[in-house]
Amino acid sequence: MAPFNEPPIAAIATAPGRGGIGVVRVSLGRAGSAGAEALMHALCGRLLSPRHASFLPFLDAQGTPLDQGIALYFPGPNSYTGEDVLEFQGHGGPVVMQLLLQRCLDAGAGFGVRLAEPGEFTRRAFLNDKLDLAQAEAVADLIEASTEAAARSASRSLDGIFSREIHALVDALIQLRMLVEATLDFPEEEIDFLQRADALGQLARIQEKLAQVLADARQGALLREGLNVVLAGQPNVGKSSLLNALAGAELAIVTPIAGTTRDKVQQTIQIEGIPLHIIDTAGLRETQDEVEQIGVARSWHEIEKADVILHLLDAREGMTPADAEIAARFPAGIPVVRVLNKTDLTGQAPGVAAADAGTPLSLHLSAKAGQGIDLLRAELLKIAGWQAGHESVFLARERHLTALRQAREHLAVAAAHAAQNAQALDLFAEELRLAQEQLNSITGEFTPDDLLGVIFSRFCIGK
């Protein structure tokens, strides 16, 4: 797609609702500076100096002020989208913003100004080489960040830290590919030549670097998505009390009556900047109460989607046959922590018991007395794989993790070919090429158009 060949677009760039300031943004696309000048005359009554703020009235079709505020003109390519861009910063009332937006659309109708689609401004920034794809996604992640740590990591991604890590890996792969593919023309020389160039050593170093980037990306994905932590167990074992203790607030009703919780109660908390979505569910038991039956069914539905299951038991009774039946139904592959609650009634000190082979870790605490809660928080961080104080973390998405894992697999196959059959250079070279394609898809050097559509459709309209 050729730069600056798209139709002009306009949108409100600030959040819906009332505010002190609202912004309408126009990217002129193929209309260029001529379109920008036409809009300046129509809305401002004069031309604007590039990159200088001008305080003036915004005019309707009859020359009557709609509002007054600041107008800015950013000639391309030195703008957010790389195209000529106009911004009108007025009062942030929804009616005023809609009037100003409509005025831009009407005044630009002659040269094709239309309403922007979600994420279209940032998509154009990507297509015009102002941002790569990972940085473009970081724009949306920064807007949506729910914790300070997530916001800082998204800012690092936007600044290009993640992209530079990927580019360094790609550059190293290109260097190795050039070395391997060049030797294909000299079969009688290839083995000695590759040994002298330390091709296998280069591959090992690339694999080591990729492993570190993948570890950082996993941690960044945790900051973005968080963990779904489901509290499960029989009625009256203290699930609601534990939710309240973790949240530090009385969110769930706590009574000694079994079956008090009929539906899930959810609260997001932060531990070391990681969002934890704590979900308290109805007690798991056989019941004739129709409403409670629905609650139990919903509990199992939440358990199926969990990232971590906290299986609550009464510390006075330990693991009962009913608890064993519940544990047997937990989905395979989801980490489980057995939380023996109510230690304040047994006199046992809070603590963590190491897990035997094939059995979940056990943790003793008292939710009501607030004893052992810090131990549980630490265990959740350990399950998440969080490394405290790891400042190089950047935000990552599931598609980034998938691409990194697939690149790792291709490099592993390449190493296996090299180890088993030193003559199979064509297979070795092909696996290196496939690994490079996966890495390139992260920053957008190789990205199908349908994937771009999915990514940018999730942005807000004005970005």
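Residues numbered from 1 in each chain as written. Predicted model: local features only at pLDDT ≥ 70, side-chain atom pairs only at ≥ 80, totals over all residues. Heavy atoms only, no water.

**Q** Describe the overall build of the chain, listing the residues and the values that go with them.
**A** Per the secondary structure count, the chain includes 15 helices and 13 strands. Burial status across the chain gives 49% buried among its 463 residues. Within the chain, contacts between residues separated by at least 24 positions form 67% of all contacts whose residues are at least 6 apart in sequence. For the chain, the computed accessible surface area is about 21800 Å², with 52% contributed by carbon and sulfur atoms. (Helix = DSSP H or I, 4+ residues; strand = E, 2+ residues; numbered from the N terminus. Buried < 20%, exposed > 50% of the residue type's maximum accessible area, 1.4 Å probe, protein only. Contact = heavy atoms within 4.5 Å. Areas by Shrake-Rupley, 256 points an atom, 1.4 Å probe, with all protein chains shown as cover.)

**Q** Any chance you could break down the sheet that holds strand 5 (residues 85-90) for me, citing the residues and the numbers?
**A** Taken in spatial order, the six strands make up an open sheet running 3-4-5-2-1-6, and their pairing is mixed. If you trace the sheet from one side to the other, it starts and ends with strand 3 (54-59) and strand 6 (114-115), each paired once. The pairing of strand 4 (residues 65-74) with strand 5 spans five bridges and is antiparallel. When the bridges of strand 5 are listed, Phe74 appears paired with Val85. Packing against the sheet, helix 2 (residues 94-107) makes contact with strand 1 (9-12), strand 2 (22-27), strand 3, strand 4, strand 5 and strand 6, and its axis sits at approximately 15° to strand 2. (Pairing = 2+ DSSP bridges. Axes fitted to C-alpha atoms, helices over the stretch in contact; angles between N-to-C directions.)

**Q** How would you explain helix 8 (residues 199-225) if you had to name every residue and give the values?
**A** With 27 residues, helix 8 extends 38 Å between its outermost C-alpha atoms, agreeing within 8% with the 39 Å of an ideal straight helix rising 1.5 Å per residue. Count one or two residues on from helix 8 and you reach Gly226, which has phi positive near 75°. (Expected span 1.5 Å × (residues − 1).)

**Q** Describe the sheet that holds strand 8 (residues 265-271), listing the residues and the values that go with them.
**A** Judged by pairing direction, the sheet is mixed, and its seven strands sit side by side in the order 8-9-7-10-11-13-12 without closing on themselves. Unpaired on one side and paired on the other, strand 8 and strand 12 (351-353) mark the two borders of the sheet. Between one strand axis and the next, the sheet turns through 25° on average, direction left out of account. Pairing geometry for strand 12 and strand 13 (residues 361-364), over three bridges, is antiparallel. Paired with Val352 across the strands is Leu363, a residue of strand 13. Helix-sheet contacts for helix 8 involve strand 7 (227-233) and strand 9 (274-280), and the interaxial angle to strand 9 is about 55°.

**Q** Could you give an account of the UniProt feature "binding site: (6S)-5-formyl-5,6,7,8-tetrahydrofolate" (unreviewed entry) in the chain, with specific residues and numbers?
**A** According to UniProt, the feature "binding site: (6S)-5-formyl-5,6,7,8-tetrahydrofolate" (unreviewed entry) maps to Arg25, Glu87, Lys130 and Lys463 in the numbering used here. Position of Arg25 among the secondary structure elements: in strand 2. Arg25 gets classed as buried once you look at its relative accessible area, which sits at 10%. Contacts of Lys130, omitting those with residues within four sequence positions, involve Pro77, Asn78, Ser79, Tyr80, Thr81, Gly82 and Ala125. (UniProt positions renumbered as here; feature names shortened; annotations may be inferred.)

**Q** Tell me about the pattern of salt bridges, and name the residues and values.
**A** For the structure shown, the criterion picks out 16 salt bridges. Of the charged contacts in the structure, one is a salt bridge between Lys382 and Glu379, with a shortest N-O distance of 3.9 Å. Of this pair, Lys382 and Glu379 both sit in helix 12 (residues 373-384), three residues apart, roughly one helical turn. The class for Lys382 is exposed, based on a relative accessible area of 59%. A residue is classified by how much of its surface remains accessible, and Glu379, at 10% relative accessible area, is buried. Each member of the salt-bridge network shares a partner with another, and the members are Glu83, Arg114, Glu120 and Arg124. (Salt bridge = Lys/Arg side-chain N within 4 Å of Asp/Glu carboxyl O.)

**Q** Requested: an account of the confidence of the model for the chain, with residues and values cited.
**A** When pLDDT is averaged along the chain, the result is 83, and 84% of the positions lie at 70 or above. Within the chain, no element has a lower average pLDDT than helix 15 (residues 449-457), which sits at 54, and none a higher one than strand 3, at 96. Low pLDDT, under 50, characterises residues 251-262; the stretch is placed with 32 contacts to residues that sit more than four places away or in other chains. (pLDDT = per-residue confidence, 0-100.)

**Q** Could you give an account of the packing of aromatic side chains, with specific residues and numbers?
**A** By the definition in use, this model includes two aromatic pairs. Geometrically, the ring pair formed by Phe58 and Phe88 is edge-to-face, given 5.6 Å between the ring centres and 80° between the ring planes. Within this pair, whereas Phe58 is found in strand 3, its partner Phe88 is found in strand 5, the two being separated by 30 residues in sequence. You can call Phe58 buried: its relative accessible area is 0%. A residue is classified by how much of its surface remains accessible, and Phe88, at 0% relative accessible area, is buried. For the ring pair Trp300 and Phe330, a centre distance of 6.2 Å and an interplane angle of 50° mean the geometry is tilted. Remark: Phe330 occurs in the loop between helix 11 (321-328) and strand 11 (336-341) and Trp300 occurs in helix 10 (residues 290-304); sequence separation between them is 30 residues. With relative accessibility at 12%, the residue Trp300 sits in the buried group. (Phe/Tyr/Trp six-rings, centres within 6.5 Å; stacked < 30°, edge-to-face > 60°.)

**Q** Provide a residue-level description of the nonpolar core, including the pertinent values.
**A** Formed by 33 residues in total, the largest nonpolar core has its most connected members in Ile166, Leu176, Leu404, Leu411, Phe428, Leu432 and Leu439. The set of elements that each furnish at least two residues to this core consists of helix 6 (161-183), helix 8, helix 13 (398-420) and helix 14 (425-443). Beyond its immediate chain neighbours, meaning those up to four positions away, Leu411 contacts Leu173, Leu203, Ile206, Gln207, Leu210, Leu432 and Ala435. One finds Leu227, Val229, Leu310 and Val393 within the second-largest nonpolar core, a separate group that totals 32 residues. (Core = buried A, V, L, I, M, F, W, Y, C linked by side-chain atoms within 4.5 Å.)

**Q** Hey, could you go over the pairing of strand 5 for me, with residue numbers and the actual values?
**A** As a general feature of sheets, a regular strand has side chains that alternate between the two faces. In terms of residue burial, strand 5 counts as a mostly covered element, since five of its six residues are buried. As paired strands, strand 2 and strand 5 are joined by six bridges and run antiparallel to one another. Note on strand 5: the bridge partner recorded for Ser27 is Val85.

**Q** I'd like a description of the packing of helix 6 against helix 14, backed by residues and values.
**A** One way to put it is that helix 6 packs onto helix 14 with a least axis distance of 9 Å and a crossing angle of 160°. Considered as vectors, helix 6 and helix 14 are oriented roughly antiparallel to each other. Along this stretch, helix 6 crosses helix 14, giving a crossing that reads as left-handed. Looking at side-chain class alone, the contact of helix 6 with helix 14 contains 15 nonpolar, six polar and three charged residues. (Parallel < 35°, antiparallel > 145°, perpendicular 65-115°, else oblique. Left-handed = near helix turned anticlockwise from the far one by under 90°. Nonpolar A, V, L, I, M, F, W, Y, C, P; charged D, E, K, R; others polar.)

**Q** Just give me the short version of the environment of Pro57, but keep the residues and values in it.
**A** Along the chain, Pro57 turns up in strand 3. Using a relative accessible area of 35% as the deciding quantity, one classes Pro57 as partly exposed. Sequence separation between Pro57 and Cys44 is 13 residues, and the spatial gap between their C-alpha atoms is 6.6 Å. Among all residues touching Pro57, those that are not within four sequence positions of it are Leu43, Cys44, Pro65, Asp67 and Gln68.

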